[in-house]
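# Secondary and tertiary structure notes
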Amino acid sequence: QVQLVESGGGLVQAGGSLRLSCAASGRTFSSYGMGWFRQAPGKERAIAAAISWRGGSTYYADSVKGRFTISRDNAKNTVYLLMNILKPEDTAVYYCAAATGYGLYSRKYEYDYWGQGTQVTVSS
């Protein structure tokens with residue numbers, strides 16, 4: 001069982017930056033692939049970024065490529081999402097998720113555990 005708690009969301013102007021954090025419970029954090037998903041009002045929850053168990057592989061949705069960076073610190077049981085050059089269309093609830101296994105997972109159904117989400121609002 002893994003419990004995930006996101007933090008770092010908030011209100012930011014377009015062009016600004018935010019760093020989201022996701023703290024995970026449990027001693028086997030390093031055996032999970034991790035992902036950040038986001039869900040805007042009226043839209044499906046979709047992948048933003050993912051990272052493999054050691055951080056050697058990453059995946060980014062086209063809409064965030066070059067602006068967002070996912071990273072993890074297995075010693076701290078934490079995964080991060082650094083978001084730069086934020087746009088109003090990045091406004092969403094951002095969810096951290098964990099997938100059992102050592103791969104890189106980009107699809108929602110591959111994830112077993114989810115956090116409660118943190119709101120990110122980008123004003124124009």
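Look up: the structure comes first, before these words.
Residues numbered from 1 in each chain as written. Predicted model: local features only at pLDDT ≥ 70, side-chain atom pairs only at ≥ 80, totals over all residues. Heavy atoms only, no water.

What follows covers the pattern of salt bridges. One pass over the full model with this rule turns up five salt bridges. When the shortest N-O distance is used, the salt bridge between glutamate 44 and lysine 108 registers 3.8 Å. One end of the pair, glutamate 44, is in the loop between strand S4 (32-39) and strand S5 (46-51); the other, lysine 108, is in the loop between strand S9 (92-100) and strand S10 (113-114), and 64 residues separate them in sequence. Residue glutamate 44 is classed as exposed on the basis of its relative accessible area of 62%. Relative accessible area serves as the criterion here: at 36%, lysine 108 is assigned to the partly exposed category. When salt bridges that share partners are traced, they join Arg38, Arg67 and Asp90 into one network. (Salt bridge = Lys/Arg side-chain N within 4 Å of Asp/Glu carboxyl O. Helix = DSSP H or I, 4+ residues; strand = E, 2+ residues; numbered from the N terminus. Buried < 20%, exposed > 50% of the residue type's maximum accessible area, 1.4 Å probe, protein only.)

This next bit is on unusual backbone geometry. Even without being glycine, asparagine 77 reaches a positive phi, approximately 55°. As for its placement among the helices and strands, asparagine 77 is situated in the loop between strand S7 (68-73) and strand S8 (78-83). Of note in this structure, isoleucine 85 is not a glycine but carries a positive phi near 50°. Along the chain, isoleucine 85 falls in the loop between S8 and S9.

Leu4, Met34, Trp36, Val79, Leu81, Met83 and Tyr94 are the most contacted members of the largest nonpolar core, which totals 30 residues. For this core, the elements supplying multiple residues, two or more each, are strand S3 (18-24), S4, S5, S7, S8, S9 and strand S11 (118-123). By size, the runner-up hydrophobic cluster in this structure holds seven residues, among which are Phe37, Ala50, Ala99 and Tyr111. (Core = buried A, V, L, I, M, F, W, Y, C linked by side-chain atoms within 4.5 Å.)

On to the side chain of threonine 91, then. Relative to the helices and strands, threonine 91 is located in the loop between S8 and S9. Among the polar contacts listed, one links the side chain of threonine 91 to the backbone oxygen of proline 88, at a separation of 2.9 Å. A distance of 2.9 Å separates the side chain of threonine 91 from the backbone nitrogen of valine 122, its partner in a polar contact. Not counting residues within four places of it along the chain, the set of residues in contact with threonine 91 comprises Ala40, Gln119, Val120, Thr121 and Val122. (Polar contact = N/O pair within 3.5 Å; in protein donor to acceptor, adjacent residues only side chain to side chain. Contact = heavy atoms within 4.5 Å.)

Here we take up the layout of surface pockets. One number sums up the size of the largest pocket: a volume of about 170 Å³. In this structure, the largest pocket is lined by Arg38, Gln39, Ala40, Lys43, Glu44, Ala46, Ile47, Ala61, Ser63, Glu89, Thr91 and Ala92. Secondary-structure elements contributing two or more residues to the lining of the largest pocket are S4 and S5. When its residues are assigned to classes, the lining of the largest pocket shows five nonpolar, three polar and four charged. (1 Å grid on protein atoms, 1.4 Å probe; cavity = no way out; pocket = protein on both sides within 12 Å on 5 of 7 lines; lining within 4 Å. Points joined across faces, edges and corners; volume = space filled by probe spheres on them. Nonpolar A, V, L, I, M, F, W, Y, C, P; charged D, E, K, R; others polar.)

Below, the discussion takes up the packing of aromatic side chains. Tallying each qualifying case throughout the model produces six aromatic pairs. Aromatic side chains phenylalanine 37 and tyrosine 111 sit 5.0 Å apart centroid to centroid with 85° between the ring planes, which places their arrangement in the edge-to-face category. Taken together, the residues span a long stretch of sequence, with phenylalanine 37 in strand S4 and tyrosine 111 in the loop between S9 and S10 at a distance of 74 residues. Taken together, the aromatic side chains of Phe37, Tyr105, Tyr111 and Trp114 make up a single cluster linked through ring pairs. Positioned over the ring face of tyrosine 95 is arginine 45, at 3.6 Å from the centre of the ring. Positioned above the aromatic ring of tryptophan 114 is the side chain of arginine 45, whose terminal nitrogen or guanidinium carbon lies 5.0 Å from the ring centre. (Phe/Tyr/Trp six-rings, centres within 6.5 Å; stacked < 30°, edge-to-face > 60°. Lys NZ or Arg CZ within 6 Å of the ring centre and 35° of its normal.)

Any functional reading would require information beyond the geometric quantities listed.
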